[in-house]
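Examining the three-dimensional arrangement
Now for the letters of each chain:
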Amino acid sequence: MIQSLRGMNDILEENYERFDYFISTATRIAKNYGFHYIETPLLEETALFKRSVGESSDIVGKEMYQFTDKGNNDVCLRPEGTAGVVRAFVQNKLDKKGGIHRFYYHGSMFRYERPQKGRLRQFHQFGVESFGVESVHEDASMIMMVADILGALGIGYRLKLNSLGNQNCMPAYREKLIGFIESCGDALCEDCQRRKITNPIRVLDCKNDNCQTLYVNAPKLINHLCDECQNDFESLKSILDTNNIAYEIDTHLVRGLDYYSKTAFEFVSDAIGSQSAIAGGGRYDRLIEFLDGKPTPAVGFALGIERLLELIVMPETVRVGYYFGAMEDESLPLIIQTAQVIRKGNKAVVEYSAKKLQNHLKGADRVNARYCAVIGENERNSNTIWIKDLVLQKESIMALDILLKGE
RNA sequence: GUGGGAUUAGCUCAGUUGGUUAGAGCACUGGUUUGUGGUGCCGGGGGUCACGGGUUCGAGCCCCGCAUCCCACCCCA
């Protein structure tokens, strides 16, 4: 038997019901916030991700599905959504056009990682990106949108919040932190020694207890923000407070992608195992110019759909449409004909084998039909069809020609 | 990429120190005496015990390999 590739799953039946319900819920909410759909290619030039996500990140460093195509282009399957949307934004000259552009998207992302629960090689994200709004109100809107989506789906969460500073305060802090790391010398774990070079901010995230003991005295970025970043961060907290969005400040929240600045946030769930991040996002004011666009403020987030799936509280299923059954083979052509008419405006499933009424009712029940419509000898003789409303438990007999006329 | 655990019916799992024809619940399917469902009762189908080797008179069970999933590391959605 040929199996799907490792970490690449089919989505069907119950899972697809949930998937579909998630997409429609998130789409509705994103539209309510004034966002428009954007579709970008799954395959992009590798350079796009190297320049945006950053070569120091694990995503680009070791997790990309990268290959050379037949035209000798260095390409890869997108590992995340933001880079492609920004590329599209610049390529379509929306940066020069000016104004505000708000997009939402959903689709497959690919990362070559070792799979486990909540971590797949092909997974699905729902994300939004907002271009042209400098105000921290947009950051708050992003967070409120995620909260709305999760709320609508009945998903509990914790919100972690941090500020990463901007080009004025981050570099100075970074130097200060490197100085601190060096002062710790060999006491730090191997990973932290490595992070000192690749991405010093990440050491704060280290899970090694010994390192964490030392980091208690480490300088915190949140205490080194410039006035602008500090003010924005205060505003953000105050907006969230007035809108009843609970959050916790997490000074170790740094996000794995290089392009973030100022606001960084992450929604986590305690109910899905170790891969607990269900949504993450933040501001990335510099990314557009990194990708050769005109400097444009931007902020966005992405939700990991698979991680949410089992948390979604589905609405009660309602009975819809018709089930058609024949009690003898001679009645079958009639029910097929009738079903075809019904299908112009409603759902109709047809059972092809003739069986007794009791079994048709069971069948209609099983497919969650609202109406069970059956033709037997009596109906055939009188040119009628027997229909039972399975919710109201009321039955009726209708003249066939009325139904067939499509009324 | 590193370390550990698991894998038996569509699903969730039993299966004794290695010993005849591998079980249960749920699901599916049919019946339940003249045309009335969900939830009663009775029956039925369905397994190369993940896959490939090995040990043994004999392997679902022991050994080796491999695939996938799960857990931890790492990282992230």
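Residues numbered from 1 in each chain as written. Chains lettered and ligands numbered in written order. Predicted model: local features only at pLDDT ≥ 70, side-chain atom pairs only at ≥ 80, totals over all residues.

Some details on the overall build of chain A
Scanning chain A from N- to C-terminus turns up 16 helices and 16 strands. Taken against the 2.2 N^0.38 rule, which gives 22 Å for 407 residues, the C-alpha radius of gyration of chain A at 28 Å runs more than 25% over that of a compact globule. Judged by the C-alpha coordinates and their principal axes, chain A covers about 95 × 50 × 45 Å. When each of the 407 residues of chain A is scored for burial, the buried share is 37%. (Helix = DSSP H or I, 4+ residues; strand = E, 2+ residues; numbered from the N terminus. Rg over C-alpha atoms; globule rule 2.2 N^0.38 Å. Buried ≥ 20, exposed ≤ 12 C-beta atoms within 10 Å, placed from the backbone.)

Considerations on the domain arrangement of chain A
Interface extent is often summarised as the accessible area lost during association of the parts. Domain annotation of chain A identifies domain 1 (13–169 + 225–309) and domain 2 (322–404). Relative to domain 2, the C-alpha centre of domain 1 lies at a distance of 49 Å. (Domains from an automatic or database assignment.)

Concerning the sheet that holds strand β3 (residues 66–68)
Read from one edge of the open sheet, 3 strands run β2-β4-β3, paired in antiparallel fashion. Every other strand in the sheet has two partners, leaving β2 (43–45) and β3 as the edge strands with one partner each. Ignoring which end each strand starts from, the neighbouring axes of this sheet average 35° apart. As defined by bridge partners, β3 adjoins strand β4 (residues 74–77) across 3 bridges and the pair is classed as antiparallel. Its bridge partner being in β4, Q66 is matched across the sheet by C76. (Pairing = 2+ DSSP bridges. Axes fitted to C-alpha atoms, helices over the stretch in contact; angles between N-to-C directions.)

Quick word on the sheet that holds strand β1 (residues 36–37)
Within the open sheet, the 8 strands sit side by side as β1-β5-β6-β11-β10-β9-β7-β8. Their pairing is mixed. Of all strands in the sheet, those bounded by a partner on one side alone are β1 and β8 (248–249). With 5 bridges joining them, strand β10 (residues 277–283) and strand β11 (residues 298–304) adopt antiparallel strand pairing. Bridged to R283 within β11 is V299. The strands touched by helix α4 (residues 82–91) within the sheet are β5 (101–110), β6 (122–131) and β11, with β6 carrying the most contacts at an inclination of about 40°. (Contact = placed C-beta atoms within 7 Å.)

Looking at unusual backbone geometry
We note that N368 has phi near 60°; this positive angle belongs to a residue other than glycine. Here N368 is to be found in the loop between α14 (357–366) and β14 (371–375). Positive phi outside glycine occurs at Q393, with the angle close to 60°. If you trace the backbone, Q393 turns up in the loop between β15 (384–389) and β16 (394–399). Owing to 7 C-beta atoms within 10 Å, Q393 belongs among the exposed residues under this scheme.

Quick look at the pairing of strand β7 (residues 158–163)
In the sheet, β7 pairs with strand β9 (residues 261–268) via 6 bridges, with the strands oriented antiparallel. Paired with K160 across the two strands is E266, which belongs to β9. Here β7 runs beside β8; their pairing, made up of 2 bridges, is parallel. Counted as the bridge partner of K160 is E248 from β8.

So, the confidence of the model for chain A
Looking at chain A, pLDDT values average 91 and 99% of them are 70 or higher. Here helix α8 (residues 190–198) stands out as the least confident element of chain A, with mean pLDDT 73; β1 is the most confident, with 98. Of the two predicted TM-score estimates for the complex, the pTM is 0.92 and the ipTM is 0.87. (pLDDT = per-residue confidence, 0-100.)

Things to note about the packing of helix α6 (residues 136–152) against helix α10 (residues 227–242)
Following both chains from N to C, one finds α6 and α10 inclined at 40°, their axes separated by 9 Å at the closest point. As far as their axial angle goes, α10 and α6 are oblique. Considering how the two elements wind past one another, α6 and α10 form a crossing that is right-handed. Contacts between α6 and α10 involve V136, H137, D139, A140 and I143 on the former and, on the latter, D232, S235, L236, I239 and L240. (Parallel < 35°, antiparallel > 145°, perpendicular 65-115°, else oblique. Left-handed = near helix turned anticlockwise from the far one by under 90°.)

Things to note about the packing of helix α1 (residues 13–32) against α6
Where α1 contacts α6, the axes come no closer than 10 Å and their chain directions differ by 145°. As for the relative orientation of α1 and α6, their crossing is right-handed in sense. Residue-level contacts link T25, A26, I29 and A30 of α1 to M145, D148, I149 and A152 of α6. Considering only residue class, the contact of α1 with α6 consists of 6 nonpolar, 1 polar and 1 charged. (Nonpolar A, V, L, I, M, F, W, Y, C, P; charged D, E, K, R; others polar.)

A short note on α4
Summarising burial for α4: 8 of the 10 residues are buried, a large majority. Regarding α4, the residues found buried are T82, A83, G84, V85, V86, R87, F89 and V90. Positive phi appears at K93, one or two residues downstream of α4, with a value of about 60°.

A word on the nonpolar core
Judged by nonpolar contacts, the single largest core of 80 residues is most densely connected at V146, I149, L150, L303 and L308. Ranked by residues supplied to this core, first place goes to α6 with 9 residues. Residues within four places of L303 in sequence aside, it is in contact with Q125, F126, G127, V146, I149, I278, A279 and L308. Ranked by size, the runner-up nonpolar core spans 15 residues in total, among them Y323, F324, A364 and I375. (Core = buried A, V, L, I, M, F, W, Y, C linked by C-beta atoms within 7 Å.)

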